[in-house]
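# Overview (structure and organization)
Spelled out, the chains give:
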Amino acid sequence: MNVDYQKYILPFSIWLVFAIVAVAMWLTKGSLFYLFNFTYIGTSVALGLFLFARKYKQARRVAQLLVGLYMLIFLGFIRNENMQIEGFWYYLFAGVFEAAVIHYAVAKIFGPLIFGRGWCGYACWTAMVLDFLPYKTSAKPRKRIGWLRYITFTVSLLVGAALFLYEVGNIERIMFWAFVIGNILYYLVGIVLAMALKDNRAFCKYICPITVFLKPMSYLALIRIKCDKEKCISCGKCRKACPMYVDVTDNSRKRLNGTECILCLECVKNCPKGAL
């Protein structure tokens, strides 16, 4: 029996990157938590990619649920870690290089140089819920309201700065409730937007402040969807299947909505010629 091992290179590579980060953080910080944390996340994402290679239809959902629920419930509610952007700003200003700051550095600032916006497709706990809605692809033209993300980004920055500058007491409790309230708001806004625009990913496209970090770094991403022009028949099925409406048939860095690609692989799944 012939086995195509090439299709398993990506899941193994992702797992290896996270394993290296896990060991490096363990040795640097002296805490087994980081060894477990990054190994678990890397293994979960790699499992999703492995299942996709095995043609399991819900492969990405497996990774989303494994990572999203871990981040939301275990890290957020059990360990009281505020992984929202407000928590990142506060701990960054405070000079505390711990969970939230490390998370953003790996997943949302430097990591995208390797895997682009893979975070959005496989690990975001907001998108994890929104992707259960029925609007897998947008039924309406893309709105020109992406500037809203810069407002939410600025607000989060100001909130984090204010908490630091005013030296408020009981900060850990405040961070916990900021995490709870922030997630409730994200889910409410995300669901309302999805229903109004008939688009599960409307929140990601227009509101999410984290994309301010992700988009410029994703432009240089090492892992990208590429098109074999010799196989492509320009049927347009890839763009119709893409929740972010990325033109993956254009291999240039300047392709339409190129920095929006979440590596969901819906285009690969729907290509009739295996050109992607």
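Just above, that's the structure.
Now for a description of the structure that goes with this document. (Residues numbered from 1 in each chain as written. Predicted model: local features only at pLDDT ≥ 70, side-chain atom pairs only at ≥ 80, totals over all residues. Heavy atoms only, no water.)

### Quick look at the overall build of the protein chain
Which entries qualify depends on this criterion: For helices the rule is a DSSP run of H or I covering at least 4 residues; for strands it is a run of E covering at least 2, with both sets numbered from the N terminus onward. When we talk radius of gyration, it's over C-alpha atoms, and the globule rule is simply 2.2 Å times the number of residues to the 0.38. Throughout, exposure labels follow a simple rule: accessible area from a 1.4 Å probe, protein chains only, divided by the maximum for the residue type, with under 20% read as buried, over 50% as exposed, and the rest as partly exposed. When checking whether two residues touch, look at their non-hydrogen atoms; a contact exists if any pair is within 4.5 Å. Only the protein chains shown count as covering a residue, and every accessible area follows the Shrake-Rupley method with a 1.4 Å probe. A residue counts as positive if it is Lys or Arg and as negative if it is Asp or Glu; His and the chain ends are not included. To locate a charge, take atom NZ for lysine, CZ for arginine, CG for aspartate or CD for glutamate.
Along the protein chain, the regular secondary structure elements total 14 helices and zero strands. Reading the protein chain from its N end, one meets helices and strands in the order α-α-α-α-α-α-α-α-α-α-α-α-α-α. A compact globule built from 276 residues should have a C-alpha radius of gyration of about 19 Å, and the protein chain, at 19 Å, falls within 12% of that. Along the three orthogonal principal directions, the C-alpha set of the protein chain runs to about 60 × 45 × 30 Å. Out of the 276 residues belonging to the protein chain, those deemed buried represent 49%. Contacts in the protein chain between residues far apart in sequence, at least 24 positions, make up 74% of those at least 6 positions apart. In the structure as shown, the protein chain presents an accessible area of about 14,100 Å², 68% of it carried by carbon and sulfur atoms. Within the protein chain, one finds 33 positive and 14 negative side-chain charges whose respective centroids are separated by 8 Å.

### Describing the nonpolar core
General note: in soluble globular proteins, nonpolar side chains tend to be found buried as a group. This is how it is decided: Only buried residues count toward a nonpolar core, which is a set of Ala, Val, Leu, Ile, Met, Phe, Trp, Tyr and Cys residues joined through side-chain atoms within 4.5 Å.
If you look at the biggest cluster of nonpolar residues, it comprises 73 residues, and the most contacted ones within it are Phe-38, Met-71, Ile-85, Phe-88, Trp-119, Trp-125 and Phe-213. With residues up to four places along the chain from it excluded, the contact list for Trp-119 reads Met-71, His-103, Ala-107, Lys-108, Cys-124 and Trp-125.

### Details of the environment of Phe-164
With respect to the helices, strands and loops of the structure, Phe-164 is situated in helix α9 (residues 148-165). With a relative accessible area of 32%, Phe-164 lands in the partly exposed category. Setting aside anything within four residues of it in sequence, one finds Phe-164 in contact with Tyr-90, Phe-93 and Ala-94.

### So, the packing of aromatic side chains
Which entries qualify depends on this criterion: Only Phe, Tyr and Trp rings take part, Trp by its six-membered ring, and two of them pair if their centres are within 6.5 Å. Stacked means planes under 30 degrees apart, edge-to-face means over 60, and tilted covers everything else. Only when the NZ atom of a Lys or the CZ atom of an Arg is both within 6 Å of the ring centre and within 35 degrees of the ring normal do we say a charge sits over the ring.
Taken as a whole and judged by the stated rule, the model has 24 aromatic pairs. Seen from their ring centres, Trp-89 and Phe-213 are 5.9 Å apart, and the 45° between their planes marks the pair as tilted. Of this pair, Trp-89 sits in helix α4 (residues 85-93) while Phe-213 sits in helix α12 (residues 211-218), and the two are 124 residues apart along the sequence. Phe-213 carries the same exposure label as Trp-89, and that label is buried. Following the ring pairs from residue to residue traces out a cluster consisting of Phe-88, Trp-89, Phe-93, Tyr-104, Phe-153, Phe-164 and Phe-213. A cation over a ring is seen here: Arg-61 above Phe-132, with NZ or CZ 3.9 Å from the ring centre. A cation over an aromatic ring shows up here: Lys-108 above the ring of Tyr-104, its NZ or CZ 4.1 Å from the ring centre.

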